[in-house]
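Chain and residue survey
Below, each chain spelled out in residue letters.
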Amino acid sequence: MSAQAESEHHDADEHTHSGSRHGTFKDYLIGFVLAAVLTAIPFWIVIYDVFRNPKVGAVVILIFAFVQIVVHMVYFLHMNSKSEGGWTVLALIFTAILVVITLAGSLWVMSHLDANMMPMSPEHMRNMP
Amino acid sequence: MTAHTENRLAENRPAELDAGAEAPVFYDTDEHGHHPESGTMLGFWIYLMSDALIFAVLFATYGVLSRRYAAGPSPADLFDLPLVALNTALLLFSSITYGVAMLEAEKRRMGLTLFWLGLTGVFGLAFLGIELYEFHHMISEGAGPWRSAFLSAFFALVGTHGLHVTFGIIWLVTLMFQLPMHGFIPENHRRLMCLGMFWHFLDVIWIGVFTFVYLMGVLLA
């Protein structure tokens, strides 16, 4: 009798657990609205040339992209530090570090190499074999 | 949980065991041990992270070569931002329709699940159609991947994303046949969750594409 009650309790527990892992309609709706706003603003900035200085605009839209990636991770991919005992977050952090090293390293090193290259005019380029 | 089991073991332990032999104690610390799909989900997540590294390399390549026009067209000449905005909206819509399909699958409503999955597929196909139209338009203007280093890197990065979306749609159609055939069995549920992660992941990559390639390309050209 008590074992049956326990297994029933266990089943119910498992059900709510799997329910929380998928998120709710409200989660998706919040994520969708946030993502739509975070997408619309960068397009607006670039199409209407809101910032006179393109470098400032670039930094601002990169910040928007970063925030939107976090929104997607939380509301659509349901990332949290507890899922799979923290292993998903650990894999994500590891990947993020590698991505930052790859991107920043490539851009940094290649821009320095580029500064040492011989300049080539468009006319030279057109006559290339 | 473990301490509780241990206590119960100690209380029920027969007297003869106390003499010398240690009673076995099981340390069941894995709280997800009851979910057969949980290993698959973690494995699939690690696959997605490795896929993210592929995209990171393609993004780095594009970043290095994005100003190497070889006297050819620049992003400002080629990119049609309203079209890119439409594509972004389509992919975002497909993300939320997939989420609704997952919620309907959890309520075990077959018809509605298939409807929302189908709608997701339609949005995905529309996205691909617009992307192929854009590629065709660029190539017919002589701005193919062979034109400059910038365009090679562009087609490699955006093309790889498009290829992922294509395979996502093939997977989606496969699931739309498997679901009515087998019903809401745990295997199908696991497949739905994996495709969901894949689909939302592609949307995350697209954030990087439209920001880094299209918006910054037009802004800094």
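This report concerns the structure included in the present document. Please read these numbers as outputs of a predicted model, since none were measured by experiment.

Moving on, we get to the overall build of chain B. For chain B, the count of helices and strands is 8 helices and 0 strands. Reading the secondary structure of chain B in the N-to-C direction produces α-α-α-α-α-α-α-α. In chain B, buried positions account for 49% of the 221 residues. In chain B, once contacts between residues fewer than 6 apart in sequence are set aside, the share between residues at least 24 apart is 78%. Counting only carbon and sulfur atoms, one obtains 65% of the accessible surface of chain B, whose full area is about 10300 Å².

Counting residues in hydrophobic clusters, the biggest one holds 73 residues, and the most contacted among them are Trp45(B), Phe79(B), Phe154(B) and Tyr214(B). Elements supplying a minimum of two residues to this core: α2 (25-47) and α3 (54-75) of chain A together with α3 (38-65), α5 (81-106), α6 (110-140), α7 (149-182) and α8 (186-220) of chain B. With 20 residues, the top contributor of residues to this core is α8(B). Those residues within four positions of Trp45(B) in sequence are excluded, and the remaining contacts are Met73(A), Leu77(A), Met79(A), Thr88(A), Ala91(A), Leu92(A) and Met197(B). If you look at the next biggest cluster of nonpolar residues, it comprises 7 residues, including Tyr28(A), Ala35(A), Phe76(A) and Leu92(B).

Definitions and cut-offs
- Residues numbered from 1 in each chain as written.
- Chains lettered and ligands numbered in written order.
- Predicted model: local features only at pLDDT ≥ 70, side-chain atom pairs only at ≥ 80, totals over all residues.
- Heavy atoms only, no water.
- Helix = DSSP H or I, 4+ residues; strand = E, 2+ residues; numbered from the N terminus.
- Buried < 20%, exposed > 50% of the residue type's maximum accessible area, 1.4 Å probe, protein only.
- Contact = heavy atoms within 4.5 Å.
- Areas by Shrake-Rupley, 256 points an atom, 1.4 Å probe, with all protein chains shown as cover.
- Core = buried A, V, L, I, M, F, W, Y, C linked by side-chain atoms within 4.5 Å.

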